Amino acid sequence: MRKESSIHGQWSSKLVFILAATGSAVGLGNIWRFPYIAGEHGGGAFVLVYLLCILLIGLPIMMAEILIGRRGRQSPINTMTSLAREEGLSRGWGLMGWMGVVAGFLILSYYSVIAGWALSYVFRAGTGSFVGLDVQGVQAMFEGLVADPERLLAWHTVFMCMTLIVVARGVRSGLEQAVKFLMPLLLLMLVLLVGYAMAEGHFMEGLRFMFTPDFSKLSGNSVLVAMGQAFFTLSLGMGAIMIYGSYLSSRASIARTSATVVGADTLVAILAGLAIFPIVFAAGLEPSQGPGLIFISLPLAFAQMPGGVLFGTVFFVLLVVAAWTSSISLMEPAVTYLVENRGMTRVSAATLVAVLSWLLGIGTVLSFNHWSGYTLFDMTFFGAVDYLTSNILLPLGGLLIALFVGWRMTERSVASELDVQRPVLFRTWYYLLRFVAPIGILLVFLRAINVI
Ligand code: PHE
């Protein structure tokens, strides 16, 4: 018997699913992570590879992940075991769900720390701390923040509690409203910032940096990082989108909803880049300076623009909300598992996950100060957790999703769940999922470890 809905409830409409999935996808990944890693990896060529990964690997895998979620209608772990049983496959597929739970938990640990930076910037912007600052001033402000573990820990704690409160109460109530009104507002703010960058920044230089590919700058590792960013920004490969798919009604079109989410997410990332790089170049800053990039370039813009106090405050509030709607989806896979299999209540499950993730986040807090000298393969604790999750666990999860839906489920079950009206579209998607995505991921992995 096909389940018509999940025990955790169902979205009140297809629009709500789109909003929730967009809320999960759009977050620090688009506005903080995308510009800084594109800057570190030389711009143009990196951005091109990222866009190709979004289109040829990310979109098809998103459809497959939603499809699995809607068919299974449980936590990712139980969904994978029960679908595998249904198709007569090994229970080993449940391990994929486990990998997702672990990845989500690891990402959440540092995501909360960075979202804490954004929280602290809400108050800096609101109290007019940026006003009149020059480049050195904004740089000193950022360095002062990350050098202070106690302050970082305090903000990390606040953000983790915010996430906990929403997840403990059940995701759907607050999320719908937050995403419906605040996401469009975030988009508007970004458009305004791009306008400012056009007027006051070195816009052409920014454009050239983002869109003129220079492949000599692109190492095998850069290609892996670009692919990792595609997974990270779309929330793919760890069960978040699978869970949201499990609340989706059986009538909604998976293809159309996925395309909308991917389009919105990509738009936000590109706008963020277009806003930030022109400001970076005009101020003589380095695009490759790392995780502080937006926390230095944007305050500089707010310091100088008319109405900067208001715009700055609104912007950082919206950034926090965007991070919030993503962090709750990072926590969901672990929480639904604990509720379904361990008989825990939502409140205690969410508390357990939040506390453990908070503890691990202390490692990230210290990565920017006391532990900054301790590195593994040239990466701090934060760098290593980020690398392991985005560049290895998420693409590996995506690969398994592609193999499961593309090769292990029968074409009949896949086609009936997807219900694409146009056969050409179905065939194209199926081809991308079976061949292009898995082979692409494998080639990128092999290239990164210099095998090819
Ligand atoms: N997509 C989110 C962002 O861009 C991060 C995220 C990754 C959320 C994986 C859920 C799962 O910020």
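Structural notes, computed from the coordinates.

1. Digging into the overall build of the protein
Assigned secondary structure in the protein consists of 18 helices and zero strands. Relative to its length of 452 residues, the protein is compact, with a C-alpha radius of gyration of 21 Å against a globular reference of 22 Å. With 452 residues in all, the protein has 61% of them scored as buried. Nonlocal contacts in the protein, meaning residues at least 24 apart in sequence, comprise 83% of its contacts between residues at least 6 apart.

2. So, helix α7 (residues 149-169)
With 21 residues, α7 extends 30 Å between its outermost C-alpha atoms, agreeing within 8% with the 30 Å of an ideal straight helix rising 1.5 Å per residue. Those residues of α7 that fall on the buried side of the exposure criterion are Pro-149, Leu-152, His-156, Phe-159, Met-160, Met-162, Thr-163, Leu-164, Val-166, Val-167 and Ala-168. Check the buried side of α7 and you find it contacts α5 (94-126), α6 (135-146), α14 (308-341) and α15 (346-367). Gly-170 sits one or two positions beyond α7 and adopts a positive phi of about 95 degrees.

3. Comments concerning the environment of Leu-193
Note on placement: Leu-193 falls in helix α8 (residues 172-200). Spatially, the C-alpha atoms of Leu-193 and Phe-311 are 9.3 Å apart, while their sequence positions differ by 118 residues. Not counting residues up to four positions away in its chain, the partners in contact with Leu-193 are Ala-275, Leu-298, Phe-302, Met-305 and Phe-315.

4. Describing helix α18 (residues 423-448)
Between its first and last C-alpha, α18 extends 36 Å over 26 residues, near the 38 Å set by a 1.5 Å rise per residue. Residues of α18 that are buried: Phe-426, Trp-429, Tyr-430, Leu-432, Leu-433, Ala-437, Pro-438, Gly-440, Ile-441, Val-444 and Phe-445. Elements that come into contact with the buried residues of α18 comprise α3 (44-72), α10 (220-233), α16 (381-408) and α17 (411-418). Once α18 ends, the next one or two residues include Asn-450, with phi positive near 60 degrees.

5. Some details on the pattern of salt bridges
A full pass over the atoms with the stated rule returns seven salt bridges. Here Asp-386 and Arg-33 are joined by a salt bridge, their closest N and O atoms 3.2 Å apart. Placement of the pair is Asp-386 in helix α16 and Arg-33 in helix α2 (residues 28-40), with a sequence separation of 353 residues. Taken as a pair, Asp-386 and Arg-33 share a single burial class, namely buried. A salt bridge links Glu-417 to Arg-70; the shortest N-O distance between them is 3.0 Å. Remark: Arg-70 occurs in helix α3 and Glu-417 occurs in helix α17; sequence separation between them is 347 residues. Take Glu-417: its relative accessible area is 8%, and that puts it in the buried class. Via salt bridges that share partners, Arg-70, Arg-71, Glu-86 and Glu-417 belong to a single interconnected network.

6. Focus: the packing of aromatic side chains
Throughout the structure, instances matching the rule amount to 29 aromatic pairs. When the centroid spacing of 4.9 Å and the interplanar angle of 35 degrees are considered together, the rings of Phe-34 and Tyr-50 count as tilted. Note that Phe-34 is positioned in helix α2 and Tyr-50 in helix α3, a separation of 16 residues in sequence. As far as the burial class goes, Phe-34 and Tyr-50 line up, both buried. Ring centres of Phe-209 and Phe-281 lie 5.5 Å apart, and the angle between their planes is 70 degrees; on these two criteria the pair is classed as edge-to-face. Separated by 72 residues along the polypeptide, Phe-209 in helix α9 (residues 203-211) and Phe-281 in helix α12 (residues 254-282) bring together distant segments of the chain. Phe-281 matches Phe-209 in its accessibility class, with the two residues each being buried. The ring of Phe-232 carries the charged tip of Arg-33 above its face, separated from the ring centre by 4.8 Å.

7. Here we look at empty space enclosed by the protein
Inspection of the entire model under this criterion finds two cavities of 30 Å³ or more. Around the largest cavity sit 14 residues that line it, and Ser-24, Tyr-111, Phe-232, Ser-235 and Leu-330 are the ones nearest its centre. In terms of residues, the lining of the largest cavity owes the most to one element, α14, which gives three residues. Taken together, the residues that form the lining of the largest cavity break down as eight nonpolar, six polar and no charged. A volume near 40 Å³ is recorded for the second largest cavity.

8. Structural notes on the packing of α6 against helix α13 (residues 293-304)
Packing of α6 against α13 leaves a shortest axis separation of 9 Å and a crossing angle of 135 degrees. Between α6 and α13, the angle falls in the class oblique. The way α6 lies across α13 gives a crossing that is right-handed. In contact with Val-135, Val-138, Gln-139 and Phe-142 of α6, α13 contributes Phe-295, Ile-296, Pro-299 and Leu-300.

9. With respect to the packing of helix α1 (residues 14-25) against α12
At their nearest, the axes of α1 and α12 sit 9 Å apart, and the two run at 35 degrees to each other. Between α1 and α12 lies a crossing of right-handed hand. Contacts between α1 and α12 involve Lys-14, Phe-17, Ile-18, Ala-21, Thr-22 and Ala-25 from the former and Arg-256, Thr-257, Thr-260, Val-261, Ala-264 and Asp-265 from the latter. A per-class count over the contact of α1 with α12 returns six nonpolar, three polar and three charged.

10. Concerning the layout of surface pockets
The calculated volume of the largest pocket comes to roughly 530 Å³. Together, 23 residues line the largest pocket, and Val-225, Met-379, Gly-383, Tyr-387 and Asn-391 are the ones closest to its centre. Elements represented by at least two residues in the lining of the largest pocket include exactly α2, α10, α16 and α18. Per element, the largest residue contribution to the lining of the largest pocket is six residues, and it comes from α16. Considering only residue class, the lining of the largest pocket consists of twelve nonpolar, seven polar and four charged.

Reading the values: rules and limits
Residues numbered from 1 in each chain as written. Predicted model: local features only at pLDDT ≥ 70, side-chain atom pairs only at ≥ 80, totals over all residues. Heavy atoms only, no water. Helix = DSSP H or I, 4+ residues; strand = E, 2+ residues; numbered from the N terminus. Rg over C-alpha atoms; globule rule 2.2 N^0.38 Å. Buried < 20%, exposed > 50% of the residue type's maximum accessible area, 1.4 Å probe, protein only. Contact = heavy atoms within 4.5 Å. Expected span 1.5 Å × (residues − 1). Salt bridge = Lys/Arg side-chain N within 4 Å of Asp/Glu carboxyl O. Phe/Tyr/Trp six-rings, centres within 6.5 Å; stacked < 30°, edge-to-face > 60°. Lys NZ or Arg CZ within 6 Å of the ring centre and 35° of its normal. 1 Å grid on protein atoms, 1.4 Å probe; cavity = no way out; pocket = protein on both sides within 12 Å on 5 of 7 lines; lining within 4 Å. Points joined across faces, edges and corners; volume = space filled by probe spheres on them. Nonpolar A, V, L, I, M, F, W, Y, C, P; charged D, E, K, R; others polar. Axes fitted to C-alpha atoms, helices over the stretch in contact; angles between N-to-C directions. Parallel < 35°, antiparallel > 145°, perpendicular 65-115°, else oblique. Left-handed = near helix turned anticlockwise from the far one by under 90°.

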